[in-house]
Structures are given as C-alpha cells and as structure tokens.
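For reference, the chains in residue letters:
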Amino acid sequence: MNTIIRNGRIIDPANQRDEVADLLIVDGRFAPLSQLSTLKSQPDEINASNLIVSPGLIDLHVHLREPGFGWKETIESGARAAAAGGFTTIVCMPNTSPVADSPSTIAWIKDRATEVACVNVLPTGAISKGLMGEELAPIGSLAQAGVVAITDDGRCVQSNELMRRAVEYARMVGLPVFDHCQDYDLVGKGVVHEGYWSTLLGLPGWPSAGEEAIVMRNALLAELCDHHIHCQHISAAGSVRILREAQARGVRISGEVCPHHLALTDDRIQNFDTNFKMNPPLRTREDVTALLEGIADGTIGILCSDHAPHAGFEKEVEFDTAPFGITGLETELGLFLDLLVHQNKTVALARLLEMFTVNPARLLQIDAGTLSPGRPADVTLIDSELEWTFDASRSQSISRNTPFDGWKLKGRAVRTIVAGRTVWKL
Ligand SMILES: [Zn+2]
C-alpha cells in the first residue's frame, strides 16, 4: 500500500529541511516524489494541511514492564500509549523480571514486540547481572542479541572500576552506555529533593549532589575510555554545568531531560500525592532554569519520558514506601511543545523535533529519525497549535499514575505512521 501525505509542513532536522511539500511512501519506505508517475495505482492520500510532518518520534527511555510486571504495563499496551503520544520507536529499560541481562530475555522481548507492538521496540541490556552492580552482564552477547545500549536504569553501578570495565566492553562492541545517575551513599533513603520542602514535610532528602557526583564520575570515565556515556533523566543544575564543561573539552557525554523535571517543582509534594514521586525527584525553580538553559544552548540534546507505569494499589500507599515514577508517553510531546516552544520560547519547533528524532537516532545508531528517501516510513503528524486536555482515564497505558491528569496542553500528535501504516489517529 502506497501513501502520499499532501501539503504538510515537512520538518526533517537531519536534512535541515523545513518547507510545505508532499511526502511519498512506497512499500513502507519514503520515496522521491518523482516516483509518483511510475506507480501502477493511485496512492492513498492524507491531507496534512496546517500539520507538521515530522520523522517518527523516538523515546529512548521507556519502561514497558514485561517480562514480569504485566499488571503495570505490557509491551502491547506500552506501544499503544507510545503511538498515541506520537512515538514510532521506543527504547525499553532492562529492569524487568527476569532482568534483561541475558540474550534469551532480549530475544523474548524482541519476539514479543514483533508479535504485539504497533511501534518499533528496541531493548536495552543491563550493565550488571541482575542490576546488582557486582558482576558485569555478558555485554558482548547482549550486543549480538540486538540491544541498542546498556544501562542499569532504576539502579546505578556504584563501583567506579566495574563501570569503567563496562564502558570499555561497550566501546569494543560499539554500544552506548546509558546511566541512571545516583550515588547511593549520598542519596540514602531519600525520596524527595533535599531542601526546604523535604525539611518542612519531614521526608528523607535526595540531594542534587547525589546525581552530580555520578554525572562527574561518568564524565571522567567517558574521557578515560574515550567512549560515549549518556546520562539519563538529568534533574539538577549542577549536572548541566558538568555536562557543559565536559562537552566543551570534547568528552563524549550527553544528557536527556524528562518533561516532569521542567513542568513541576518540589513544592508539589505538599499534599503527599505519590504521583509527584519520581527518581530523580522534582527539584527547584533554579534547577528548572538551568535545565532550560542547557536545552537552549545544546548541552542537553535529547528529550524523553521515563514512562514508568505503576498500578494504583502500588502508588496509593505512604509517600515513603510508594514506588518512584509516572507514566509519560501520552503527555510528553504536548508538555514539551507547550513548555519549550509556546511558553518559554526556549527552542524553535525544528530544534524540538531534532531532540526527538535525529539526535536519539544518532546516539542509538539506528536507521530512523529522518524522512530521507529509502528509509523506513515512520512519520508523526503534529498539530502544534491544538489545545487539548489530558484525560488519564482514557489513557492507552494500563496504569494511570500521572500528575498531569486534567492538564490543558497546546500541541499534540494527531497521526502516527510506522513503516507506512497508520497505527494511531486522533
Ligand atoms: Zn532511571
């Protein structure tokens, strides 16, 4: 089945293209418009007037919860939520049960995704066996099994020596290393940002230094091993500063930001609502300002959700004991468009899409993130001006743990196309 998308504003940051034009899809791949006259039958037409035609969006930080935690999310439901959020490719984290630390679990995830997922699902493998931080996972075999990165996300390798060896192995097999940056000694039992509100409410503090210490460690190891380390869900002002300084010296280190760390600050925990409990925690207005500056000057080049579904019965407990994390796939694009493009004017639309397409594709070294002829036809149609209200009860995700229920947002994906096939439509 062939399709032509008519009259949309095509924004393809990889090719520095921004123009109103038609986009042709032949046999699931992008094709030059010149091929139109050679087609045996008329292609299907999609009218994209007043819409943005973007390369399919990529989210490189998602928890799909399978195998092992199917009551929170499944590969099928998580993929549906991704499609509804405008994402055509998602990267899933290895903190499943069993942990994705062996080629057989990676094979299971890939098989399952092929069977049931409506978007591309790319697995990561663990850095350490069982995410225990004691012994390296078989990184070479994981690479052969098809992981796109290694990470212990949810946990953090504390031993600098073990992390060094992980980075060296990853370099040998050509995989980027992702890291959830958390120093266990400094963070202890911390559940919220250490500061005014943690003191007032008597909740254990999670200091910014707990993140910054590991971002600094990673900068040193990336330099020592001359290999890429990507710091996940950056939340603290000091982390941005460390990344900026290291990048200026040519160190191969990058960072990502999640919408909740821009949209919310730690004063939100006053009512002890566990939908405001995430790891790393919500921080201060100064941290938000630093994150925005980091995005504006390019220090932060990737946006993601850290979609972390949990069932209601798990979240509806005391703040201290509730699990960390919120769902995010369906609100992510709207929040970032609203915060970064409409409200703060931090970046232009093309730059926002770059952070969702070509930048993650380059880091992951995958054949996606552009509308170039010959590439798989993954496309997201976006109405950047559409005002809408997020209704969590109608979410595609199995879980409802979001602080954004009822939020009014501006900008939304209206159609998601994977390999030429529409997988979601508003
Ligand atoms: Zn994490």
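Look up: the structure comes first, before these words.
Along each chain, numbering runs from 1 in the same order as the chain's sequence is written. Restriction of local features to residues with pLDDT of at least 70 applies here, the model being predicted, together with a cutoff of 80 or more for giving and counting side-chain atom pairs; totals for whole chains, interfaces and linings are based on all residues. As a rule here, side-chain values cover all heavy atoms of the structure and leave hydrogens and water aside.

Q: A description of the coordination of the zinc ion should follow, citing residues and the corresponding values.
A: Here the coordinating atoms are restricted to nitrogen, oxygen and sulfur within 2.8 Å of the metal centre, or 3.2 Å for Na, K and Ca, and because water is not among them the sites may look incomplete. Taken together, the protein donors to the zinc ion comprise Asp153 (OD), His180 (ND1) and His233 (NE2), at separations of 2.0 to 2.3 Å. On the primary sequence, the residues serving as donors to the zinc ion are separated as D-x26-H-x52-H. A residue pair is termed long-range when its members are at least 10 positions apart, and Asp153 in the loop between helix 3 (139–145) and helix 4 (160–173) and His180 in the loop between strand 9 (177–179) and helix 5 (184–187) qualify at 27 residues. Each residue gets one of three labels from its accessible area relative to the maximum for its type: buried under 20%, exposed over 50%, partly exposed in between, using a 1.4 Å probe on protein chains only. Under the relative-accessibility criterion, Asp153 is labelled buried at 2%. Only DSSP runs of H or I covering at least 4 residues are called helices, and only runs of E covering at least 2 are called strands; the numbering of each starts at the N terminus.

Q: Requested: an account of helix 7 (residues 208–225), with residues and values cited.
A: Given a helix with a known number of residues, its expected span is that number minus one, times 1.5 Å. When the terminal C-alpha atoms of helix 7 are compared, their 26 Å separation across 18 residues agrees well with the 26 Å that a helix rising 1.5 Å per residue should span. All of the buried residues in helix 7 are Ser208, Gly210, Glu211, Glu212, Ile214, Val215, Arg217, Asn218, Ala219, Leu221, Ala222 and Cys225. Positive backbone phi, approximately 45 degrees, marks Asp226, located one or two places after helix 7.

Q: Describe in detail the layout of surface pockets, supporting the description with residues and values.
A: The calculated volume of the largest pocket comes to roughly 530 Å³. Lining the largest pocket are 26 residues, with Asn95, Gly154, Arg155, Asn279 and Phe324 positioned closest to its centre. Amino acid classes used here: Ala, Val, Leu, Ile, Met, Phe, Trp, Tyr, Cys and Pro are nonpolar; Asp, Glu, Lys and Arg are charged; the rest, including Gly, are polar. Residues of the lining of the largest pocket, tallied by class, amount to nine nonpolar, 12 polar and five charged. Think of a 1 Å grid over the protein atoms and nothing else: a 1.4 Å probe that fits but is trapped marks a cavity, an open set flanked by protein within 12 Å on at least five of seven lines marks a pocket, and residues with an atom within 4 Å of a point count as lining. Grid points are joined across faces, edges and corners, and a volume is the space filled by probe spheres set on the points. Volume-wise, the second largest pocket comes out at about 260 Å³. Lining the second largest pocket are Ala84, Glu330, Trp388, Thr389, Phe390, Asp391, Arg394, Ser395, Gln396, Arg412, Trp424 and Leu426. Its residues assigned to classes, the lining of the second largest pocket comprises five nonpolar, three polar and four charged.

Q: Describe the environment of Ile75, and please don't skip the residues or the numbers.
A: Its place among the elements puts Ile75 in helix 1 (residues 75–84). Here Ile75 falls in the buried class, since its relative accessible area comes to 0%. Note: C-alpha distance between Ile75 and Gln270 (195 residues apart in sequence) is 34 Å. When near neighbours in sequence (up to four residues on either side) are disregarded, Ile75 contacts Leu64, Glu66, Trp108, Ile109, Arg112, Ala113, Val116, Ala117 and Val121. Note on definitions: a residue-residue contact is assigned when non-hydrogen atoms from the two residues lie within 4.5 Å.

Q: Which residues make up the packing of helix 8 (residues 237–248) against helix 10 (residues 285–296), and what values go with them?
A: Between the N-to-C directions of two axes lies an angle of 0 to 180 degrees, each axis being a line fitted to C-alpha atoms and, for a helix, fitted only over the stretch in contact. Closest axis-to-axis distance for the helix 8/helix 10 pair is 8 Å, and the angle between their directions is 25 degrees. One way to sum up the angle between helix 8 and helix 10 is to call them roughly parallel. Across the interface between the two elements, Ala237, Val240 and Arg244 from helix 8 touch Glu286, Asp287, Ala290, Leu291, Glu293 and Gly294 from helix 10. Of the residues contributing to the contact of helix 8 with helix 10, the split by class is four nonpolar, one polar and four charged. Should an angle fall under 35 degrees it is taken as roughly parallel, and over 145 as roughly antiparallel, whereas 65 to 115 is taken as roughly perpendicular and any remaining angle as oblique.

Q: Describe the environment of Asn279, naming the residues involved and giving the relevant values.
A: Relative to the helices and strands, Asn279 resides in the loop between helix 9 (260–263) and helix 10. Judged by its relative accessible area of 12%, Asn279 is buried. Spatially, the C-alpha atom of Asn279 lies 24 Å from that of Val147, the residues being 132 residues apart in sequence. Sequence-distant contacts of Asn279, that is, excluding residues within four places in its chain, are made with His180, Gln182, Trp206, His233, Asp306 and Phe324. Counting of polar contacts relies on pairs of N or O atoms within 3.5 Å, with two restrictions inside protein: one atom must be capable of donating a hydrogen and the other of accepting it, and residues adjacent in sequence are counted only when both atoms are side-chain atoms. Among the polar contacts listed, one links the side chain of Asn279 to the side chain of Gln182, at a separation of 3.0 Å. Side-chain polar atoms of Asn279 contact the side chain of Trp206, separated by 2.8 Å.

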